[in-house]
Amino acid sequence: MKVTDLPKHWEQKKKPVELTHDYNLRLPLEDAARVAALAELYPDRSESDILNDMIAAALDDLASQDPLKEKLEGHNG
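In this text the structure is predicted, and so the values were computed from the model without any measurement. (Residues numbered from 1 in each chain as written. Predicted model: local features only at pLDDT ≥ 70, side-chain atom pairs only at ≥ 80, totals over all residues. Heavy atoms only, no water.)

Asker: Hey, could you run me through the packing of aromatic side chains in this one?
Answerer: Given two aromatic rings, one states the distance between the centres and the angle between the planes to describe the pair. For the structure shown, the criterion picks out one aromatic pair. Centre to centre, the rings of W10 and Y42 are 5.4 Å apart; their planes meet at 55°, and the pair counts as tilted. Residue W10 is found in helix α1 (residues 6-11), and its partner Y42 is found in the loop between α2 (29-41) and α3 (47-63); the two are separated by 32 residues along the sequence. Owing to a relative accessible area of 5%, W10 belongs among the buried residues under this scheme. (Phe/Tyr/Trp six-rings, centres within 6.5 Å; stacked < 30°, edge-to-face > 60°. Helix = DSSP H or I, 4+ residues; strand = E, 2+ residues; numbered from the N terminus. Buried < 20%, exposed > 50% of the residue type's maximum accessible area, 1.4 Å probe, protein only.)

Asker: Sorry if this is basic, but what is going on with the nonpolar core here?
Answerer: As a rule of thumb, soluble globular proteins bury nonpolar side chains together. Among the nonpolar cores identified, the biggest contains seven residues, and these are L6, W10, V35, A39, Y42, I50 and A57. Listed by contribution, the elements that provide at least two residues to this core are α1, α2 and α3. (Core = buried A, V, L, I, M, F, W, Y, C linked by side-chain atoms within 4.5 Å.)

Asker: Sorry if this is basic, but what is going on with a nonpolar patch on the surface here?
Answerer: Among the surface-exposed residues, L25, L27, I55, L59, L62, L68 and L72 lie close enough to one another that they form a single nonpolar patch of about 560 Å² accessible area. At the level of elements, α3 and α4 (68-72) are the ones that each hand at least two residues to the nonpolar patch. Ranked by residue count, the leading element in the nonpolar patch is α3, at three residues. Within the secondary structure, L62 is located in helix α3. (Patch = residues over 30% accessible without salt bridge, like charges linked within 9 Å, V, L, I, M, F, W, Y side chains within 5 Å. Areas by Shrake-Rupley, 256 points an atom, 1.4 Å probe, with all protein chains shown as cover. Salt bridge = Lys/Arg side-chain N within 4 Å of Asp/Glu carboxyl O.)

Asker: How should I be thinking about the confidence of the model for the protein chain in this particular structure?
Answerer: Low-confidence regions, as indicated by low pLDDT, have predicted coordinates that should not be scrutinised in detail. Mean pLDDT over the protein chain works out to 87, with 94% of the residues at or above the 70 mark. When pLDDT is averaged over each element of the protein chain, α2 comes out on top at 97 and α4 at the bottom at 71. (pLDDT = per-residue confidence, 0-100.)

Asker: Can you help me understand the layout of surface pockets in this one?
Answerer: Rolled over the atoms, a probe with the dimensions of a water molecule shows which regions are left empty. The space that makes up the second largest pocket amounts to roughly 150 Å³. L25, L27, D31, R34, V35, L38, L51, M54 and I55 together form the lining of the second largest pocket. Elements with a contribution of two residues or more to the lining of the second largest pocket: α2 and α3. Partitioning the lining of the second largest pocket into residue classes produces seven nonpolar, no polar and two charged. (1 Å grid on protein atoms, 1.4 Å probe; cavity = no way out; pocket = protein on both sides within 12 Å on 5 of 7 lines; lining within 4 Å. Points joined across faces, edges and corners; volume = space filled by probe spheres on them. Nonpolar A, V, L, I, M, F, W, Y, C, P; charged D, E, K, R; others polar.)

Asker: How should the packing of α2 against α3 be read in this particular structure?
Answerer: Where α2 contacts α3, the axes come no closer than 8 Å and their chain directions differ by 110°. Considering their axes alone, α2 and α3 lie roughly perpendicular with respect to each other. Side by side, α2 and α3 meet where V35, A36, L38 and A39 of the first sit next to E47, I50, L51 and M54 of the second. Of the residues that constitute the contact of α2 with α3, the class distribution is seven nonpolar, no polar and one charged. (Axes fitted to C-alpha atoms, helices over the stretch in contact; angles between N-to-C directions. Parallel < 35°, antiparallel > 145°, perpendicular 65-115°, else oblique. Contact = heavy atoms within 4.5 Å.)

Written out as C-alpha cells, the structure reads:
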C-alpha cells in the first residue's frame, strides 16, 4: 500500500490485527499533533492504528526500492 492510499484505507471498515509487536516511539510534538488530527478525521482509527498503517506503507515503499528490495524481501511477515 502507498502512503497516498491511506485515507481511502482509513475510510473502510477496520480489520483486526492478529499478531503485533510493541515499540516505544517518540515523535516531535508537531508530528504527534498531525497524527492526533488524522485520528480525529478518521474516528474509527486510533493514533496507534494511524501510525501502524503509515509505517507499513513506508516499509512497503522501501521494500520496492533497490537495493533494499533484496534485503527486505521475505521479511514482510
